[in-house]
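# Architecture and fold: a report
Here is how the chains run, residue by residue.
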Amino acid sequence: MAIDVRPASEFEDVRKVLGPRSPGADVCWCLSYRIPSGLNKELRGPARGEYVAGLCRAEPAPGVLAYDEDEPVGWAAVAPRAETSFARSRKIPHVDDLPVWSLWCIRVRPGHRKKGISHALIAGAVRFARAHGAPAVEAYPLDSGDARVDLTMAYPGLRKNFERAGFTRAAATASVLAGHPRVLMRLDLR
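What counts and what doesn't
- Residues numbered from 1 in each chain as written.
- Predicted model: local features only at pLDDT ≥ 70, side-chain atom pairs only at ≥ 80, totals over all residues.
- Heavy atoms only, no water.
- Helix = DSSP H or I, 4+ residues; strand = E, 2+ residues; numbered from the N terminus.
- Buried < 20%, exposed > 50% of the residue type's maximum accessible area, 1.4 Å probe, protein only.
- Polar contact = N/O pair within 3.5 Å; in protein donor to acceptor, adjacent residues only side chain to side chain.
- Contact = heavy atoms within 4.5 Å.
- Core = buried A, V, L, I, M, F, W, Y, C linked by side-chain atoms within 4.5 Å.
- Pairing = 2+ DSSP bridges.
- Axes fitted to C-alpha atoms, helices over the stretch in contact; angles between N-to-C directions.
- Phe/Tyr/Trp six-rings, centres within 6.5 Å; stacked < 30°, edge-to-face > 60°.
- Lys NZ or Arg CZ within 6 Å of the ring centre and 35° of its normal.
- Right-handed = clockwise from strand over helix to strand, strands pointing away.

## What about the side chain of glutamate 138?
Within the secondary structure layout, glutamate 138 lies in strand 5 (residues 136-139). Note on glutamate 138: relative accessible area 1%, which makes it buried. Only 2.9 Å separates the side chain of glutamate 138 from the side chain of arginine 186, close enough to count as a polar contact. Those residues within four positions of glutamate 138 in sequence are excluded, and the remaining contacts are Arg81, Val95, Val100, Trp101, Ser102, Leu103, Phe167, Leu184, Met185 and Arg186.

Below, the structure written as structure tokens:
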């Protein structure tokens, strides 16, 4: 299976990976870390999807999508850290003043997991960030060791997958998700 990773500029493809089954449902749409908390609480139902549609029309796109042939099968959110809530986080530290990009969400559609798609998404997100001038990419994955992680809470990714992609541990964090600590991982692109 050849996985192709492309900028997430086609809203209908993003919708297939992130959108709800019911159009009126309040799902994350991967906005929780991207927009201010007040706006995140204000956007309800279809307004969330409409906001993401606007992001897909912007440059750069809000992340990358993985495709198996022409079927969208995965998503990774990546953007300049300064444009995310990680810029103001008290739990995720700043390592330095470098204008890094953040990679904070990886999602693979059911039926397509355990096929290496998350690895392709990490690599594709790094290529995307590099193409847009990122000097480094940070991620904040779960440091779960060999412990099993609930798939609904594994969206930040797993430390071992980022290590395989060349990321190294840059700092501890005060963030814990689903009982697992998160660690700040970084890949220097300079």
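From this point, the discussion proceeds with the structure in view.
## So, the nonpolar core
Residues Val64, Ala76, Val78, Leu103, Leu121, Phe162 and Phe167 are the most contacted members of the largest nonpolar core, which totals 28 residues. Where this core is concerned, the elements lending two or more residues are strand 2 (63-68), strand 3 (71-80), strand 4 (101-108), helix 4 (117-131), strand 5 and strand 7 (180-188). The residues touching leucine 103, leaving out its near neighbours within four places in the chain, are Ala76, Ala77, Val78, Ile122, Ala125, Val137, Glu138, Ala139, Tyr140 and Phe162. Judged by nonpolar contacts, the second largest core, of 24 residues, contains Val14, Leu43, Leu55 and Tyr67.

## Quick word on the sheet that holds strand 5
In spatial order, the strands read 1-2-3-4-5-7-6; together these 7 strands make up an open sheet with mixed pairing. Strand pairing shows two members of the sheet lacking a second neighbour, strand 1 (3-7) and strand 6 (168-177), which therefore form its edges. Going from strand to strand, the sheet's axes swing by 25° on average, the running direction of each strand aside. In the sheet, strand 1 pairs with strand 2 via 5 bridges, with the strands oriented antiparallel. Bridge assignment links arginine 6 to a residue of strand 2, and that residue is leucine 65. In this fold helix 1 (residues 11-18) packs onto strand 2, strand 3 and strand 4, with an angle of close to 100° to the strand it touches most, strand 3.

## A word on the environment of leucine 65
For leucine 65, the position within the fold is in strand 2. Residue leucine 65 is classed as buried on the basis of its relative accessible area of 0%. C-alpha of leucine 65 to C-alpha of alanine 125: the two residues are 60 residues apart in sequence and 8.9 Å apart in space. If we ignore the near neighbours within four places in the chain, the residues touching leucine 65 are Asp4, Val5, Arg6, Ala8, Glu10, Asp13, Val14, Val17, Gly74, Trp75 and Leu121.

## Topic: unusual backbone geometry
The peptide bond linking glutamate 59 to proline 60 adopts the cis configuration, its omega dihedral lying at 0°. Structurally, proline 60 can be placed in the loop between helix 3 (46-57) and strand 2. Positioned with a positive phi, glutamate 69 is a non-glycine residue whose angle comes to about 60°. Summarising the element assignment, glutamate 69 is placed in the loop between strand 2 and strand 3. The phi dihedral of alanine 178 is positive, around 55°, even though this residue is not glycine. Tracing the backbone shows alanine 178 in the loop between strand 6 and strand 7. For alanine 178, a relative accessible area of 42% gives the class partly exposed.

## Some remarks on the packing of aromatic side chains
Applying the stated criterion across every chain yields a total of 7 aromatic pairs. Aromatic rings pair up to connect Tyr33, Phe86, Trp104, Tyr140 and Tyr155 into one cluster. Directly above the ring of tyrosine 67 sits arginine 6, whose terminal nitrogen or CZ lies 3.8 Å from the centroid.

## Comments concerning the pairing of strand 4
Look at any regular strand and the pattern is simple: side chains alternate between the two faces of the sheet. Among the 8 residues that make up strand 4, 7 are buried, leaving the element largely enclosed by the rest of the structure. With 7 bridges joining them, strand 3 and strand 4 adopt antiparallel strand pairing. Across the sheet, the residue bridging to glycine 74 is valine 108, located in strand 4. Examined bridge by bridge, strand 4 and strand 5 share 3 bridges and lie parallel to one another. What sits directly across from leucine 103, in strand 5, is alanine 139. Once the chain exits strand 4 it traverses helix 4 before rejoining the sheet at strand 5, and the crossover so formed is right-handed.

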